[in-house]
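Residue-level structure breakdown
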Amino acid sequence: MSLINKEIGDFSVQAYQNEEFRTVTKADVLGKWSVFFFYPADFTFVCPTELEDLENNYAKFKETGCEVYSVSCDTHFVHKAWHDHSERIQKITYPMLADPTHVLSRDFEVLIEDAGLSERGTFIVNPEGKIVAYEVNAGNVGRNADELLRKLQACKFVAEHGDEVCPAKWQPGAETLKPTLDLVGAL
């Protein structure tokens, strides 16, 4: 079953960001683009490489009007401890959401029930709180923040230009397509 156009559920979770704990709710997400970046657990192997890659691109996400939320089933206290002990994680400035009750992991359908961990899932959520793009990877395969940024930019473009679509490998400023009867079979 597809999650495209599913509205995310209400939530209120703790986050660790910039040496502080704070609460993040669905109301904080509405009105802007968001990326929810689920990963299995803090103090693991692939996860810090992905979160560092996201941080290295965080300014570009912010420039597009998007907030990035990393999410694991760890507590906000564990996020802080990981931040304090890992050079890669010390760089992170985006909110690290804590999901020990699995409210987010269940809503986004990435919870591995018997392990109490999240799959490696990436979700782009529009300002109305609806999922417009997502992918879920095996736990041993890392993701690429550059490609995620490109997908976000494409999602934003088609939201703003409803009569145009973005072809494969589309980049901002590149040519798009306008689906018409004349285009059928011409590509």
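Everything below is about the structure shown above.
An account of the accompanying structure is given in this report. (Residues numbered from 1 in each chain as written. Predicted model: local features only at pLDDT ≥ 70, side-chain atom pairs only at ≥ 80, totals over all residues. Heavy atoms only, no water.)

Side note on the side chain of Gln17
What counts is decided by this rule: Secondary structure elements follow DSSP: runs of H or I no shorter than four residues count as helices, runs of E no shorter than two count as strands, and numbering proceeds from the N terminus. Polar contacts here mean pairs of N or O atoms no more than 3.5 Å apart (in protein, one a potential hydrogen donor and the other a potential acceptor; neighbouring residues in sequence count only if both atoms are side-chain atoms). Here, two residues are considered to be in contact whenever any of their heavy atoms come within 4.5 Å of each other.
Relative to the assigned elements, Gln17 resides in strand S1 (residues 12-17). Reaching out from Gln17, the side chain makes a polar contact with the backbone oxygen of Thr93 at a distance of 2.8 Å. The residues touching Gln17, leaving out its near neighbours within four places in the chain, are Arg22, Tyr58, Thr93, Tyr94 and Pro95.

Thoughts on the sheet that holds S1
We count it as follows: Two strands make a pair as long as DSSP finds a minimum of two bridges between them. Structural elements are reduced to axes, namely lines fitted to C-alpha atoms, with helices fitted over the stretch in contact, and the angle between N-to-C directions of any two is expressed from 0 to 180 degrees.
As summarised here, the arrangement of the seven strands in space is S2-S1-S5-S4-S3-S8-S9, forming an open sheet in which the pairing is mixed. Each edge of the open sheet is held by one strand with a lone partner, namely strand S2 (20-25) and strand S9 (131-137). On average, each strand axis in the sheet is tilted by 25° relative to the strand beside it, whichever way the strands run. Here helix H2 (residues 46-63) sits on the sheet and contacts S1, strand S3 (33-38), strand S4 (66-72), strand S5 (96-98) and strand S8 (120-125); the angle it forms with S4, its principal contact strand, is near 165°. Contacts from helix H6 (residues 145-160) reach S3, S4, S8 and S9, with the element oriented near 145° to S3.

Comments concerning the packing of H2 against H6
Note the threshold: For classification purposes, angles smaller than 35 degrees are called roughly parallel, those larger than 145 roughly antiparallel, those between 65 and 115 roughly perpendicular, and all remaining angles oblique. Two helices that cross are described as forming a left-handed crossing if the nearer one is turned anticlockwise from the farther one by less than a right angle, and a right-handed crossing if clockwise.
One way to put it is that H2 packs onto H6 with a least axis distance of 9 Å and a crossing angle of 30°. With respect to H6, the axis of H2 lies roughly parallel. In the crossing of H2 with H6, the sense of the turn from one axis to the other is right-handed. Facing Asp53, Leu54, Asn57, Lys60 and Phe61 of H2, the residues of H6 in contact are Ala145, Asp146, Leu148, Leu149 and Leu152.

Regarding the packing of aromatic side chains
Note the following rule: Here the aromatic set is Phe, Tyr and Trp, taking the six-membered ring for Trp, and pairing holds for ring centres within 6.5 Å; pairs whose planes are under 30 degrees apart are stacked, those over 60 apart are edge-to-face, and all others are tilted. With a 1.4 Å probe rolled over the protein chains alone, any residue whose accessible area is under 20% of its type maximum counts as buried; one over 50% counts as exposed, and the rest are partly exposed. In this scheme, the term charge over a ring applies when either NZ of a lysine or CZ of an arginine sits within 6 Å of the ring centre and within 35 degrees of the ring normal.
Under the defined criterion, the tally for this structure stands at 13 aromatic pairs. Ring centres of Tyr39 and Trp82 lie 5.9 Å apart, and the angle between their planes is 40°; on these two criteria the pair is classed as tilted. One end of the pair, Tyr39, is in the loop between S3 and H2; the other, Trp82, is in helix H3 (residues 76-85), and 43 residues separate them in sequence. Summarising the burial analysis for this pair, Tyr39 and Trp82 share the class buried. Connected via pairs of aromatic rings, a cluster forms that spans Phe11, Phe36, Phe38, Tyr69, Phe108, Phe123 and Tyr134. Above the ring of Phe37, the side-chain terminus of Arg143 is found at 3.6 Å from the ring centroid.

As far as function goes, none of this settles anything; it's purely spatial.
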